[in-house]
Amino acid sequence: MERVTILAKTARSETARIQINDSQDAWNLVHPVIPSKKYVTMTTNRGTQEPDSPRDMKSLATPHGPLALPAFLPDATQGVVRCVDSGDLEACGVAALMVNALHLSSRPGVSAIASMGGMHRFMRWSRPIASDSGGFQALSLAAGKLGSVSNEGFTYRFDKAQKKRTLTPETCIRKQFQLGADILFCLDHCTHPDAPDALQRESVAHTIEWAVRCKQEFQRQRERRQGEGTPPLLFAVVQGGANAELRHRCADGLLDIGFDGYGFGGWPVDAEGRLVDMVQRVAELIPASFPKHALGIGKPENLARAVAMGYDLCDCVIPTRDARHKRLYAFTPGAHDRPLADRDFYHCLYMQDDKYARDARPIEEGCDCACCRDYSRAYLHHLFQIGDASALRLATLHNLRFYARLIERLRIERDGAESGDLLQ
Ligand SMILES: [Zn+2]
């Protein structure tokens, strides 16, 4: 959700700043490099399996082992989920993480991480890692007059004291290889849904053209690194804003090129926090045989809805950011005769409330996290009141464990639905 929040603040200035070329010319410019032969036959039926797909229906094969689907990836933007370490993450049942190539290339630098043996060894994490390309963050910097976009890629700097850097599709892929990520993302051109159609068309043209270059660099890196173990996967991101025709065009162009998986990119929620229609639309545009990643999703109810739409992977900063802001989740006991996506299944506890000062219960009865196992609401309330750092860690552990339990429930629901069993 970090992607979304930044974009919300900056989208209008971003729209005004970026130079808009004639969009149809931009499209015509890039389209001839796309192979005309369809890579796959479009279908929205679950259960079709493409040859060489990295995904069976229940897991994704990665260099660091199979990743059970659906999966939620907490954002470890700078190589850490704030306030917890890798041992904590494993204990919470976190199956995979999402890091950010652009942030890590700034600090400590991807070459520094490579010299330490890659991201996994650097942060002592043995499970899969996905790496966001950094295109979204580069655009956010651009909106703050710290960068610009061109056909080549992004030029940016994190502050005005720094030298300008350029993020191209090629450097983006090389950085992610240096990190040693399991799932790499193509550089994409993200837009706000309110941006004019001309900019949306330019974004789609860039996204497809850059995807071609990302795949070419990906193949060069694979050939150069033969013998270094199982190669990573490469995902592309579908852009197009709120324009259904552009979303279709973008998905079609990316499917023509051929990737291991596809993501929903752009603005995922409306002003009320509900998923926008395009999230569903993109899920329908990508064949069921490919893993689908909903970038920046989301709140518990939106995670449940995205999985119901067919998404297999989601990443977001929300559960850990909410924990640091004293907002903790708890499942609401109730009937289980409807899917989670169709009902209110959780509520929030706001730990600053004085009512918790003498509350001996755990955050959630039945939760097996380290916080609920050993500590009361009263103690966590006290730790927050005195501003002790342990409050941030314990709250983060609980929310991460809530998401791990939620994804386990969604997995059971999906498996049951696919086998025709009634929900448990
Ligand atoms: Zn708990």
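See the structure printed just above.
All values reported here derive from a predicted model rather than from experimental measurement.

Parameters and conventions
Residues numbered from 1 in each chain as written. Predicted model: local features only at pLDDT ≥ 70, side-chain atom pairs only at ≥ 80, totals over all residues. Helix = DSSP H or I, 4+ residues; strand = E, 2+ residues; numbered from the N terminus. Contact = placed C-beta atoms within 7 Å. Pairing = 2+ DSSP bridges. Axes fitted to C-alpha atoms, helices over the stretch in contact; angles between N-to-C directions. Parallel < 35°, antiparallel > 145°, perpendicular 65-115°, else oblique. Left-handed = near helix turned anticlockwise from the far one by under 90°. Nonpolar A, V, L, I, M, F, W, Y, C, P; charged D, E, K, R; others polar. Core = buried A, V, L, I, M, F, W, Y, C linked by C-beta atoms within 7 Å. Buried ≥ 20, exposed ≤ 12 C-beta atoms within 10 Å, placed from the backbone. Domains from an automatic or database assignment. Right-handed = clockwise from strand over helix to strand, strands pointing away.

K.L.:
What exactly am I supposed to notice about the environment of Glu364 here?
P.N.:
Here Glu364 shows up in the loop between strand 15 (346-350) and helix 14 (370-374). Distance in space between the C-alpha atoms of Glu364 and Ala330 is 5.6 Å, their sequence separation being 34 residues. Those residues within four positions of Glu364 in sequence are excluded, and the remaining contacts are Ala330, Phe331 and Cys372.

K.L.:
Can you help me understand the pairing of strand 2 (residues 65-68) in this one?
P.N.:
In summary, the side chains of a regular strand alternate between the two faces of the sheet. Sheet topology note: the strand 1 (residues 59-62)/strand 2 ladder contains four bridges and is antiparallel. Residue pairing for strand 2: Ser59 is matched across the bridge by Ala68. Counted between consecutive antiparallel strands, the loop separating strand 1 from strand 2 contains two residues.

K.L.:
What exactly am I supposed to notice about the packing of helix 15 (residues 377-385) against helix 16 (residues 389-419) here?
P.N.:
Helices that pack against each other are described as a pair by the angle of their axes relative to one another and the distance between those axes. Where helix 15 contacts helix 16, the axes come no closer than 7 Å and their chain directions differ by 135°. When the axes of helix 15 and helix 16 are compared, the pair comes out oblique. Handedness of the crossing formed by helix 15 with helix 16: left-handed. Here Leu380, Leu383 and Phe384 of helix 15 come into contact with helix 16, specifically with Ser390, Ala391, Leu394 and Ala395. Among the residues forming the contact of helix 15 with helix 16, the class breakdown is six nonpolar, one polar and no charged.

K.L.:
Any chance you could explain the sheet that holds strand 11 (residues 261-264) here in plain terms?
P.N.:
Backbone-to-backbone hydrogen bonds join strands into a sheet, with any given pair of strands oriented parallel or antiparallel. The strand order 3-13-12-11-10-9-5-4 describes an open sheet built from eight strands, whose pairing is parallel. The strands lining the two open edges of the sheet, one partner per strand, are strand 3 (71-74) and strand 4 (97-100). Across this sheet, the average inter-strand angle for adjacent strands is 25°, counted without regard to direction. Relative to the sheet, helix 10 (residues 244-257) contacts strand 10 (233-238) and strand 11, its axis offset from that of strand 10 by approximately 160°.

K.L.:
I'm lost on the nonpolar core in this one. Help?
P.N.:
Note on soluble globular proteins: their nonpolar side chains tend to be buried together. Formed by 117 residues in total, the largest nonpolar core has its most connected members in Cys186, Phe235 and Leu254. Residue contributions to this core peak at 12 residues, all from helix 16. In terms of domain composition, this core takes at least three residues from each of domain 1 (2-316) and domain 2 (324-419). Dropping the residues within four chain positions of it, Leu254 is found in contact with Ile208, Ala211, Ala236, Val238, Phe259 and Tyr262.

K.L.:
Even after reading the chapter, I still don't get unusual backbone geometry, so can you show me in this structure?
P.N.:
That bond from Arg107 to Pro108 is cis: its omega, 5°, falls within 30 degrees of zero. The backbone phi angle of Cys83 is positive, close to 80°, even though this residue is not glycine. Along the polypeptide, Cys83 turns up in the loop between strand 3 and helix 3 (86-92). Positioned with a positive phi, Arg124 is a non-glycine residue whose angle comes to about 50°. Within the fold, Arg124 resides in the loop between helix 6 (119-122) and strand 5 (129-132). Taking the number of C-beta atoms within 10 Å as the measure of exposure, Arg124 has 10 and is therefore exposed.

K.L.:
Just checking my understanding: could you explain the pairing of strand 10 for this structure?
P.N.:
For strand 10, the buried fraction is high: six of the six residues fall into the buried class. Burial along strand 10 is two-sided: Leu233, Phe235 and Val237 and Leu234, Ala236 and Val238, pointing in opposite directions, are all buried. Across three bridges, the pairing between strand 9 (residues 183-185) and strand 10 is parallel. Bridge assignment links Phe185 to a residue of strand 10, and that residue is Phe235. With respect to chirality, the unit in which strand 9 leads through helix 9 (residues 197-224) into the neighbouring parallel strand 10 is right-handed. Here four bridges tie strand 10 to strand 11, and the two strands are oriented parallel to one another. Residue Val238 lies in a different strand from strand 11, and its bridge partner there is Phe264. Of the crossover connections in this fold, the one passing from strand 10 over helix 10 to the parallel strand 11 is right-handed.

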